[in-house]
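Chain and residue survey
One letter stands for each residue in the lines below.
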Amino acid sequence: MNQPRSLSRRTTLAALAGAALAGTSALPAAASDRRGRTVRFATFNASLNRGTQGALVTDLSTPDNTQAKNVAETIQRVDPDVLLINEFDYVESGAAVRLFLRNYLAVGQNGAKPVRYGYHFTAPVNTGVASGLDLDGRNGAVTTPGSDAYGQDAYGYGWFPGQYGMAVLSKYPIDIRAVRTFQRFLWRDMPGNIMPTDYYSAEAQAVLRLSSKSHWDVPVCVGHETVHFLVSHPTPPTFDGTEDRNGRRNHDEIRLWADYIGGRRRSSYLYDDKGRRGGLRPGARFVLAGDQNADPYDGDSYDHAIRLLLDHPAVNLPKVPPTSKGAVEAARLQGGANTSHTGDPAYDTADFGDTAPGNLRVDYVLPSRGLIPGSNGVFWPMSDDPLYRLVGGGANVPTSDHRLVWQDVRVV
């Protein structure tokens, strides 16, 4: 893992852990000077999803849910300024986000310093929203929530509306009125899409939404500058058949962002949930983040979909991607599918154990041209680190099977 934040941005994770366990705080806010401001962006698939509607609110209503405490401590150890949380069940009232902020992040966990976010954004997602159609060709159209069969026929897989949702937390103001969401954009309306039309009925093709959760453009105000936080969580490219419907959807969900940042001509077909057309203004600065469920080398993604973003001319990659020593150790100890991977295990961000597909790099924080990338890392401590208890060893998942990934950028 690269170094978490300190005044010099050179404090090691081991030193940070020792300081935190001793009860001291460790992560001061980023400094601002005439050369700009350094902002830490992060993404974390925190697995704060539950099996029944309302269960997350119940769990977060008290400060003693073990998994939520682990999630909060992980965030506190890294202390991002702007954070996307994937797999955070959407609650229309926003109660789940407020409870997590108050009962967990605002409370120091195991000696870590509390972290406070003055701004947040969440919105409806497609997971668990009934389509009214038999999308998987089995059981007819299932419209009663609470089962796998219902999830298979929803616009995005989920047992109830809002399961596997998203939330953005920020220490900087969010321009709520300028947020754009693409929950209802239809897959068929993407030119050259790769929807398996021999699998879906004509009725399904007419209504199927592209985003399995949603795609959000969340403008964050950093001083006098705006950075567009482009966040999503494409469907896993698996759990399907030879038609590869999920792999193809994952590809086109990733492609939506590639087109959105690709200029006026390339993005002209897009329309958001308010009817506004087109993509991001050329030259606008952005950070693209989320669990993309796609590894550039390994796993089941369709046509190496993530390379649409990693090779995009509008993206300004750091010299070295976020890494961790814990991922290297995990791949070595778990073996199995990991031994056949061609990608560097140091870049892995998800611990899927030794069975297929093995550990993968699927979570990304990608800055744009016009932003200067700095330090970065994957929160994946080694087994001899005191903070290893937050990640476990494959079969033991105390927090999530994904790791928090962070990237510092200088906004000038």
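Definitions and limits used
- Residues numbered from 1 in each chain as written.
- Predicted model: local features only at pLDDT ≥ 70, side-chain atom pairs only at ≥ 80, totals over all residues.
- Heavy atoms only, no water.
- Pairing = 2+ DSSP bridges.
- Helix = DSSP H or I, 4+ residues; strand = E, 2+ residues; numbered from the N terminus.
- Contact = heavy atoms within 4.5 Å.
- Axes fitted to C-alpha atoms, helices over the stretch in contact; angles between N-to-C directions.
- Core = buried A, V, L, I, M, F, W, Y, C linked by side-chain atoms within 4.5 Å.
- Buried < 20%, exposed > 50% of the residue type's maximum accessible area, 1.4 Å probe, protein only.
- Parallel < 35°, antiparallel > 145°, perpendicular 65-115°, else oblique.
- Phe/Tyr/Trp six-rings, centres within 6.5 Å; stacked < 30°, edge-to-face > 60°.
- Expected span 1.5 Å × (residues − 1).
- Polar contact = N/O pair within 3.5 Å; in protein donor to acceptor, adjacent residues only side chain to side chain.

**Topic: the sheet that holds strand β9 (residues 285–291)**
Adjacent strands of a sheet form backbone hydrogen bonds with each other and so pair up, either parallel or antiparallel. The strand order across the open sheet built from 5 strands is β6-β7-β8-β9-β10, with neighbouring strands paired in mixed fashion. Each end of this open sheet is capped by a strand with a single partner; those strands are β6 (180–181) and β10 (363–367). Where β6 meets strand β7 (residues 216–222), 2 bridges bridge the pair, whose relative direction is antiparallel. Opposite T181, over in β7, you have W216 as the bridge partner. Packing against the sheet, helix α7 (residues 245–260) makes contact with β6, β7, β8 (225–232) and β9, and its axis sits at approximately 160° to β8.

**Some points on the nonpolar core**
Formed by 62 residues in total, the largest nonpolar core has its most connected members in I75, F88, F100 and F229. Top element by residues in this core is helix α4 (residues 95–105). It accounts for 7 residues. Apart from the residues lying within four places of it in its own chain, the contact partners of F88 are L48, L56, L60, A96, V97, F100, Y164, G165, M166 and A167. Grouped together as the second largest cluster of nonpolar side chains are 34 residues, Y260, L280, L309 and A314 included.

**So, the packing of helix α3 (residues 66–78) against α4**
Two numbers describe how α3 lies on α4: the axes approach to 10 Å, and their chain directions differ by 80°. Relative to α4, α3 is oriented roughly perpendicular. Seen from α3, the contacting residues are A68, K69, V71, A72, I75 and Q76; seen from α4, they are F100, Y104 and L105.

**Examining the packing of aromatic side chains**
In this structure the tally under the stated criterion is 10 aromatic pairs. Note on F100 and Y104: the rings are 6.1 Å apart at their centroids and 25° apart in plane angle, and the pair reads as stacked. In this pair, F100 and Y104 are both assigned in helix α4, 4 residues apart and thus about one turn of the helix distant. Comparing F100 with Y104 shows no difference in burial state: the two are buried. A ring pair is formed by F185 and Y271, whose centres lie 4.7 Å apart and whose planes are at 45°; its orientation type is tilted.

**Some thoughts on α3**
In a regular helix each residue adds 1.5 Å, so 13 residues correspond to 18 Å; α3 covers 19 Å between its end C-alpha atoms and thus fits that length. When you tally the buried positions in α3, you get 11 out of 13 residues, the bulk of the element. Sitting at the amino-terminal end of α3 is N65, which places a side-chain oxygen 3.3 Å from the backbone nitrogen of Q67. At the exit of α3 stands D79, carrying a positive phi of roughly 60°.

**Overview of the environment of L270**
For L270, the location among the structural elements is in the loop between α8 (264–267) and β9. Separated by 92 residues in sequence, L270 and A178 have C-alpha atoms that sit 16 Å apart. Here L270 is in contact with F182, F185, L256, Y260, R276, R277 and G278, once residues within four sequence places are set aside.

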